[in-house]
Amino acid sequence: MTEKNTAGVTLIGLGPMGRAMVRRFLENGHPTTVWNRTTSRADELVADGALLAGSVADALAANELVVLSLTDYQAMYDILAQAEGALAGRVIVNLSSDTPQASRDAADWLAARGAKLVVGGVMVQEELVGTEQAYVFYSGPRAEFDRFESTLARIGRPDYRGEDHALAQLFYQAQLDIFLTTLAAYLHATALVGTAGVSPSTFLPYAKETLDTMSYFLDEPTRQIEDGKYPGDGATVIMMGATADHIVGASESAGLDTVLPKAVQHLYARTIEAGRGRDGWPSLIEVISGR
Ligand SMILES: NC(=O)c1ccc[n+]([C@@H]2O[C@H](COP(=O)([O-])OP(=O)(O)OC[C@H]3O[C@@H](n4cnc5c(N)ncnc54)[C@H](OP(=O)(O)O)[C@@H]3O)[C@@H](O)[C@H]2O)c1
């Protein structure tokens, strides 16, 4: 029989996300030490069994595994600089959002102080932490990730992307790139039909149908992107670009903000200028990639 993993963990940063993680660790029997700049945010967790560290140094001393859930990487420096001498030998798993380069820089900063960095990006909102839907991208040293994987699995399915520290942030931001742009497109489309008196709830089933079928359009373009060949036997750049122009025209005459459709129109126009008008629409990736 496999012994149940109840390794100790320190969690620094008790916003909504950090608090949800602490609850999952406690529910699974992990002795959990917490620290937060605003101490009162630990009150309920302490009542549930978490151990409150009196200082950052004490929090670091309590466990080899130290999870950070902070607004950004600057918060990590603000906190850990208070106890640099206690960093040696720790594995810092930073689940805070920031740029890929911030992750690489943090790995160097921690290495200079004897600590290892594993970078993570949590792909669900806080109320889903620890559920079946929850998954978390990780990158950084494989050995440290492997050692703590079963503990980290308490907050969501770990998805290790590779040794380069930037990878977890890149995957996280690539997913949010799709998410934020799509949500903004939904709002723009709802506003567009709204200018003719169509209610959001009337439009909703149509928006859902489009979103539900979007993934159908990805398999063949992915093959084309990998081959670097974009046969124009389906939807060409010229045809799709004309539609992009019409969406801008419709938005302008309706008095809407046109930043979003103009960004899309710009990509089609640049691709046509590059001589790819008769290629398929996935060739836009050449312009996006600056090739
Ligand atoms: N919330 C979600 O559903 C969700 C989903 C996916 C990913 N994330 C990511 O998870 C991370 C945490 O999210 P959250 O919602 O818990 O964020 P949050 O409410 O902004 O909490 C951030 C934590 O960072 C601390 N903090 C911020 N700046 C600091 C500084 N300069 N010095 C010391 N402590 C500082 C805060 O301390 P105080 O309590 O003292 O202010 C708090 O504990 C973020 O990177 C976020 O992008 C969140």
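Further up the page is the structure itself.
Residues numbered from 1 in each chain as written. Predicted model: local features only at pLDDT ≥ 70, side-chain atom pairs only at ≥ 80, totals over all residues. Heavy atoms only, no water.

Engineer: Which residues make up the pattern of salt bridges, and what are the values?
Structural biologist: Proximity of charged atoms lets side chains of opposite charge pair with each other. Under the defined criterion, the tally for this structure stands at 13 salt bridges. Here Glu-84 and Arg-113 are joined by a salt bridge, their closest N and O atoms 2.7 Å apart. Placement of Glu-84 in the loop between α4 (73-80) and β5 (91-94) and of Arg-113 in the loop between α5 (100-111) and β6 (116-122) is noted, with a sequence separation of 29 residues between them. Residue classification places Arg-113 among the partly exposed residues on the basis of a relative accessible area of 24%. Across the pair Asp-146 and Arg-142 runs a salt bridge whose closest N-O atoms are separated by 3.1 Å. On the criterion of helical spacing, the pair formed by Asp-146 and Arg-142 is a turn pair, its members being 4 residues apart in helix α6 (residues 142-152). Its relative accessible area of 38% is what places Asp-146 among the partly exposed residues. Judged by its relative accessible area of 37%, Arg-142 falls in the partly exposed class. Because the salt bridges share partners, they merge into one network encompassing Glu-64, Lys-116, Glu-144 and Arg-147. (Salt bridge = Lys/Arg side-chain N within 4 Å of Asp/Glu carboxyl O. Helix = DSSP H or I, 4+ residues; strand = E, 2+ residues; numbered from the N terminus. Buried < 20%, exposed > 50% of the residue type's maximum accessible area, 1.4 Å probe, protein only.)

Engineer: For the site of the ligand, give the residues involved together with the corresponding values.
Structural biologist: Around the ligand, the structure places 23 residues, and the nearest of them are Asn-36, Thr-38, Arg-41, Leu-70 and Ser-97. A distance of 3.0 Å separates an oxygen atom of the ligand from a polar backbone atom of Leu-14. Protein coverage of the free-state accessible area of the ligand, which is 900 Å², stands at 77%. When contributions to the shell around the ligand are tallied by element, the ones reaching two or more residues are α1 (16-27) and α4. By residue number, the principal contributor to the shell around the ligand is α4, which donates 3 residues. Looking at side-chain class alone, the shell around the ligand contains 10 nonpolar, 9 polar and 4 charged residues. (Near = heavy atom within 4 Å. Polar contact = N/O pair within 3.5 Å; in protein donor to acceptor, adjacent residues only side chain to side chain. Areas by Shrake-Rupley, 256 points an atom, 1.4 Å probe, with all protein chains shown as cover. Nonpolar A, V, L, I, M, F, W, Y, C, P; charged D, E, K, R; others polar.)

Engineer: Give a description of the nonpolar core that names residues and reports values.
Structural biologist: Core analysis: the largest hydrophobic core is formed by 30 residues, its most contacted members being Leu-60, Leu-68, Met-76, Leu-80, Leu-87, Ile-92 and Leu-110. Breaking this core down by element, the ones donating at least two residues are α3 (56-62), β4 (65-68), α4, α5, β6, β7 (135-139) and α7 (166-194). The residues touching Leu-87, leaving out its near neighbours within four places in the chain, are Leu-60, Leu-80, Ile-92, Trp-109, Leu-110, Arg-113, Gly-114 and Ala-115. Of all hydrophobic cores here, the second largest spans 29 residues; its members include Leu-45, Ala-50, Val-91 and Ala-134. (Core = buried A, V, L, I, M, F, W, Y, C linked by side-chain atoms within 4.5 Å. Contact = heavy atoms within 4.5 Å.)

Engineer: Requested: an account of the sheet that holds strand β1 (residues 9-12), with residues and values cited.
Structural biologist: By definition, the strands of a sheet pair up through backbone hydrogen bonds, in either a parallel or an antiparallel sense. Spatially, β3-β2-β1-β4-β5-β6-β7-β8 is the arrangement adopted by the 8 strands of the open sheet, whose pairing is mixed. Lying at the two open borders of the sheet, with one neighbouring strand each, are β3 (51-52) and β8 (157-160). Examined bridge by bridge, β5 and β6 share 4 bridges and lie parallel to one another. Paired with Asn-94 across the bridge in β6 is Val-119. Most of the contacts of α1 go to β1, to which it runs at about 165 degrees, and overall it touches β1, β2 (32-35), β4 and β6. Sheet contacts for α5: β5 and β6; angle to β6, the most-contacted strand, approximately 150 degrees. (Pairing = 2+ DSSP bridges. Axes fitted to C-alpha atoms, helices over the stretch in contact; angles between N-to-C directions.)

Engineer: So what about the environment of Thr-210? Which residues, and what values?
Structural biologist: Counting through the fold element by element, Thr-210 comes out in helix α8 (residues 200-213). It is 10.0 Å that separates the C-alpha atoms of Thr-210 and Tyr-186, two residues lying 24 residues apart in sequence.

Engineer: Break down the side chain of Ser-139 for me, with residues and values.
Structural biologist: Mapped onto the fold, Ser-139 is located in strand β7. Engagement of the side chain of Ser-139 in a polar contact is seen with the backbone oxygen of His-165, the distance being 2.8 Å. Among the polar contacts made by the side chain of Ser-139, one reaches the main-chain amide nitrogen of Ala-168 at a distance of 2.9 Å. Once residues within four sequence positions are removed from consideration, Ser-139 is found in contact with Val-118, Val-119, Tyr-160, Gly-162, Asp-164, His-165, Ala-166, Leu-167 and Ala-168.

All quantities given are derived from atomic positions and should not be read as evidence of function.
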